[in-house]
Amino acid sequence: MFSKIAKIKLVSSHPEVYEPCDDSFALVDALLADQANLSDHRPTCCMEVGCGSGYVITSLALMLRNEVPEPFYIATDINPHAVRVTRETADAHGVDVDLVNTDIALGVEARLAGLVDVLVVNPPYVPTPEEEVGREGITSAWAGGENGLSVINKILPVADKLLSERGWLYLLTLSDNNPSKICLQMRKKGYASRVILQRSTEEESLHIIKFWRDANFQLEAKEYHSLMVKNGQQNVDKPGDFEFPELLSGGRHNCNAL
């Protein structure tokens, strides 16, 4: 009988690659909690940005192993050691994953634009000095800059381009990242959101948020963009302080409870 998720004893390792830890386990548990919906969703293309050890993308592939047709899997990481380790982890579980050594989706974004049905991201979310962001080796796995948002803010617009019209984004965040503000930022792009799993450890409070396009929010986003352009704001995609009244008074998505 096949395992539903990757086996830790088969996960490869390297001194410069982030090993599966509480955040990795929380993200996989969130996917397991949403597995019935994932199966019904019948994704054709699944992607992970920042694959690290390969534990998450391999687990996702094992969860959907019996889907017909089987989804195409692709994963990226800026750390070349992580790409090699993910390859070893996937091979050990009999999983086929295309791997690309790149920053977020550089070089594949155009090819995959609008095609990704499931995107999974455990980003560098730890608040650190900005100079630590993007360093080589294992530091790139956790260094998130001011409020842990420097890399997240780079990933979100790329995710918007990659996701298909029915695409789902599963994003792991830390309470210090201000998840509610991230939800609001994505709402401005037309996405609804829901917290799939919330878990507190000795060191941090984790939230795994699921985002998907919502027709009402897309209309709202168009109105928001028109208003910002009318008021002379040049970069309407830049995170700002605009608030939706419904969000402040108890909106339609669950992130306002964070």
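Residues numbered from 1 in each chain as written. Predicted model: local features only at pLDDT ≥ 70, side-chain atom pairs only at ≥ 80, totals over all residues. Heavy atoms only, no water.

Student: For this particular structure, what's the right way to read the nonpolar core?
Tutor: Side chains of nonpolar character tend, in soluble globular proteins, to be buried together. Ranked by internal contacts, the top residues of the largest apolar core, which has 66 residues, are Met47, Leu60, Leu119, Leu169, Tyr170 and Phe211. The residues touching Met47, leaving out its near neighbours within four places in the chain, are Ile57, Ile74, Thr76, Ile104, Ala105, Val108, Leu112, Val116, Val118, Leu119, Val120 and Leu162. (Core = buried A, V, L, I, M, F, W, Y, C linked by side-chain atoms within 4.5 Å. Buried < 20%, exposed > 50% of the residue type's maximum accessible area, 1.4 Å probe, protein only. Contact = heavy atoms within 4.5 Å.)

Student: Would you mind going over the environment of Leu106 with me for this structure?
Tutor: Mapped onto the elements of the fold, Leu106 is located in the loop between strand 3 (98-101) and helix 5 (109-112). The class of Leu106 is exposed, set by a relative accessible area of 62%. In the structure, Leu106 is positioned 28 residues away from Ile78 in sequence and 9.8 Å away in space, judged by C-alpha atoms. (Helix = DSSP H or I, 4+ residues; strand = E, 2+ residues; numbered from the N terminus.)

Student: Please explain the state of the cysteines as it appears in this structure.
Tutor: A complete count under the given rule lists zero disulfides for this structure. Of all cysteine sulfurs in the structure, the one in Cys46 sits closest to Cys45, which takes part in no disulfide; the separation is 6.8 Å. Residue Cys45 is classed as buried on the basis of its relative accessible area of 5%. (Disulfide = S-S within 2.5 Å.)

Student: Would you take a moment to explain the packing of helix 1 (residues 22-33) against helix 3 (residues 55-63) for this structure?
Tutor: The packing of two helices is summarised by the inter-axis angle and the distance between the axes. Between helix 1 and helix 3, the shortest axis-to-axis distance is 10 Å and the interhelical angle comes to 20°. Put simply, helix 1 runs roughly parallel to helix 3. For the pair helix 1 and helix 3, the sense of crossing is right-handed. Listed contacts from helix 3 to Ser24, Phe25, Leu27, Val28, Leu31 and Leu32 of helix 1 are Tyr55, Val56, Ser59, Leu60 and Met63. (Axes fitted to C-alpha atoms, helices over the stretch in contact; angles between N-to-C directions. Parallel < 35°, antiparallel > 145°, perpendicular 65-115°, else oblique. Left-handed = near helix turned anticlockwise from the far one by under 90°.)

Student: Hey, could you run me through the packing of aromatic side chains in this one?
Tutor: In this description, an aromatic ring pair is defined by two values, namely the gap between the centres and the angle between the planes. Here the structure, examined in full by the defined rule, presents one aromatic pair. An angle of 85° between the planes, with centres 5.6 Å apart, marks the rings of Phe25 and Tyr55 as edge-to-face. Highlighted residues: Phe25 in helix 1 and Tyr55 in helix 3, separated in sequence by 30 residues. What makes Phe25 partly exposed here is its relative accessible area of 30%. If you follow Arg187 out to its NZ or CZ, it ends over the ring of Phe217, 4.5 Å from the centre. One Lys or Arg, Lys210, reaches over the ring of Trp168 and ends 3.4 Å from the middle of that ring. (Phe/Tyr/Trp six-rings, centres within 6.5 Å; stacked < 30°, edge-to-face > 60°. Lys NZ or Arg CZ within 6 Å of the ring centre and 35° of its normal.)

Student: Teacher, can you tell me more about the pairing of strand 7 (residues 205-213) here?
Tutor: If a strand is regular, its side chains alternate between the two faces of the sheet. The element strand 7 is largely enclosed, with a buried count of eight among its nine residues. As paired strands, strand 6 (residues 191-200) and strand 7 are joined by nine bridges and run antiparallel to one another. Within strand 7, the residue paired with Arg194 across the bridge is Lys210. If you look at the hairpin formed by strand 6 and strand 7, you'll find four residues sitting between the two strands. (Pairing = 2+ DSSP bridges.)

Student: What's the story with unusual backbone geometry in this structure? I'm lost.
Tutor: Despite not being glycine, Ile104 shows a phi value in the positive range, around 60°. The buried category is assigned to Ile104, whose relative accessible area is 13%. In this structure, Asn178 is a non-glycine residue whose phi angle is positive, near 60°. By secondary structure assignment, the location of Asn178 is in the loop between strand 5 (163-174) and helix 7 (179-187).

Student: Looking at this model, I keep getting lost on helix 3. Mind explaining?
Tutor: Residues three or four positions apart in an α-helix share a direction because the helix packs 3.6 residues into each turn. Of all nine residues in helix 3, nine are buried; the element is thus mostly enclosed. When we look at burial in helix 3, the residues that qualify are Tyr55, Val56, Ile57, Thr58, Ser59, Leu60, Ala61, Leu62 and Met63. Those residues of helix 3 that are buried are in contact with helix 1, helix 2 (35-41), strand 1 (45-49), strand 2 (72-77), helix 4 (80-92) and strand 4 (116-121).

Student: Is there a simple way to think about the confidence of the model for the protein chain in this case?
Tutor: Mean pLDDT over the protein chain works out to 88, with 88% of the residues at or above the 70 mark. Low pLDDT (under 50) marks residues 239-252, which in the prediction has 30 contacts with non-local residues, meaning those over four places away or in another chain. (pLDDT = per-residue confidence, 0-100.)

Student: Would you explain the pattern of salt bridges in this entry?
Tutor: Side-chain pairs of opposite charge can arise whenever the charged atoms involved come near each other. Under the criterion given, the structure shown has eight salt bridges. Close ionic contact of Arg87 with Asp91 constitutes a salt bridge, the shortest N to O distance being 3.7 Å. Taken together, the residues Arg87 and Asp91, both in helix 4 and four residues apart, mark about one turn of the helix. The salt bridge partner of Glu109 is Lys161, with a shortest N-O separation of 3.7 Å. Within this pair, whereas Glu109 is found in helix 5, its partner Lys161 is found in helix 6 (residues 150-162), the two being separated by 52 residues in sequence. Overlapping salt bridges, with partners in common, bring together Asp34, Arg194 and Lys210 in one network. (Salt bridge = Lys/Arg side-chain N within 4 Å of Asp/Glu carboxyl O.)

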